[in-house]
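# Chain and residue survey
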Amino acid sequence: MPNTITVITAVHAPGAAHLPDAHKSLREQELPDGWDWQWVIQEDGETDAVRPYVPDDVRVSFGQGRAGRAAMARTMGLSRAEGAYIKVLDADDMLTPGALARDLRALTDHPELGWATSRALDLLPDGSTVGFEGDPPQGPIARGAVLEFWRANDHRAQVHPATLFVRRDLLLALGGWMALPASEDTGLLMALNAVSRGWFTAETGLLYRKWPGQVTSQSAHTDAAERAARFAVVEARARVLAAMEGWRYDSR
């Protein structure tokens, strides 16, 4: 569908209660004339716990499927994506006003770029926010820059994968999100940066909710052996893609 941004959200039962807040942040977005968003919500599982929180909005598409974690849910959600651009929005996060318009402007003003990110703030349970001091300056991000920073800084990227906005054709060409139990969004970001330059917007685009039930707060997420394995395959994939010159999204 022309002039549509598809927002994709993977959700499981513990995070479903946050969907109304995410929807509110979407309803508050202002886009250029003729543009609109579609919200694809894909449950990671087939329970009765998520549907009650899905907003009654014609722009919302809700689906379910076999549980396989966020990567599979998001990639399955792509089957219903109608937009030329895909925006990631985790179920427990919220967009800031103007975030979609800024993302869209970055890629329409710079057609040689494949993806965009923006500043994110951690939203703490008491309502306060905390920022990350390592943000890059606003503007283009060179191919390979995200991977090199990530390797040099204890596997923490200078741009947040939860803020990703990407061209749908490029996302599909890379196969969607990596088939990993976690860090699937980091894996996609590294792959994108291996083949394409991106953009960083310095204005805050996302409130990243911190709460006890989030997946990244669970002990399994920091298991040393699994973490090392995840990051090894993320890096290996990115380096192979970078070496394949025919894979460059933009050769300039």
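That block above? That's the structure.
Description of the structure in this document. (Residues numbered from 1 in each chain as written. Predicted model: local features only at pLDDT ≥ 70, side-chain atom pairs only at ≥ 80, totals over all residues. Heavy atoms only, no water.)

## Considerations on the overall build of the protein
Scanning the protein from N- to C-terminus turns up seven helices and ten strands. What you see for the protein is a C-alpha radius of gyration of 17 Å, in line with the 18 Å of a compact globule of 252 residues. With respect to the three principal axes, the spread of C-alpha positions in the protein is 45 × 45 × 35 Å. Classification of the 252 residues of the protein by burial places 52% in the buried group. Residue pairs at least 24 apart in sequence account for 76% of intrachain contacts in the protein once pairs closer than 6 positions are excluded. By element, 53% of the accessible surface of the protein is carried by carbon and sulfur atoms, the whole surface being about 11300 Å². Treating the 26 positive side-chain charges of the protein as one cloud and the 33 negative ones as another, the clouds have centres 4 Å apart. (Helix = DSSP H or I, 4+ residues; strand = E, 2+ residues; numbered from the N terminus. Rg over C-alpha atoms; globule rule 2.2 N^0.38 Å. Buried < 20%, exposed > 50% of the residue type's maximum accessible area, 1.4 Å probe, protein only. Contact = heavy atoms within 4.5 Å. Areas by Shrake-Rupley, 256 points an atom, 1.4 Å probe, with all protein chains shown as cover. Lys, Arg positive; Asp, Glu negative; His and termini not counted. Charge placed at Lys NZ, Arg CZ, Asp CG, Glu CD.)

## Overview of the packing of helix α4 (residues 145-152) against helix α6 (residues 184-195)
Two numbers describe how α4 lies on α6: the axes approach to 7 Å, and their chain directions differ by 130°. Taken together, α4 and α6 sit at an angle that is classed as oblique. Contacts between α4 and α6 pair A145, V146, L147 and W150 from the former with T186, L189, M190 and N193 from the latter. Of the residues in the contact of α4 with α6, the class split is six nonpolar, two polar and no charged. (Axes fitted to C-alpha atoms, helices over the stretch in contact; angles between N-to-C directions. Parallel < 35°, antiparallel > 145°, perpendicular 65-115°, else oblique. Nonpolar A, V, L, I, M, F, W, Y, C, P; charged D, E, K, R; others polar.)

## What to know about the pairing of strand β10 (residues 198-209)
The buried count for β10 comes to nine of twelve residues, which makes it a mostly enclosed element. Pairing of strand β5 (residues 94-95) with β10 involves two bridges; the strand directions are antiparallel. If you follow M94 over to β10, its bridge partner there is L207. Two strands pair when backbone bridges link them, and strand β6 (residues 115-123) and β10 are joined in this way by nine bridges, in the parallel orientation. Looking at β10, one finds that A116 is bridged to W199. The sheet contact formed by strand β8 (residues 139-141) and β10 spans three bridges and is antiparallel. (Pairing = 2+ DSSP bridges.)

## Observations regarding the pattern of salt bridges
Within the structure shown, the criterion is met by 14 salt bridges. Two residues, D90 and R74, come together in a salt bridge whose shortest N-O distance is 3.0 Å. In this pair, D90 is assigned in the loop between β4 (85-88) and β5 and R74 in helix α2 (residues 70-77), connecting sequence segments 16 residues apart. Grouping residues by exposure puts D90 and R74 together as buried. Across the pair R74 and E184 runs a salt bridge, and its minimum N-O distance is 2.9 Å. One end of the pair, R74, is in helix α2; the other, E184, is in helix α6, and 110 residues separate them in sequence. Both residues of the pair, R74 and E184, belong to the buried class. Through salt bridges with shared partners, a single ionic network connects E148, R151, E235 and R239. (Salt bridge = Lys/Arg side-chain N within 4 Å of Asp/Glu carboxyl O.)

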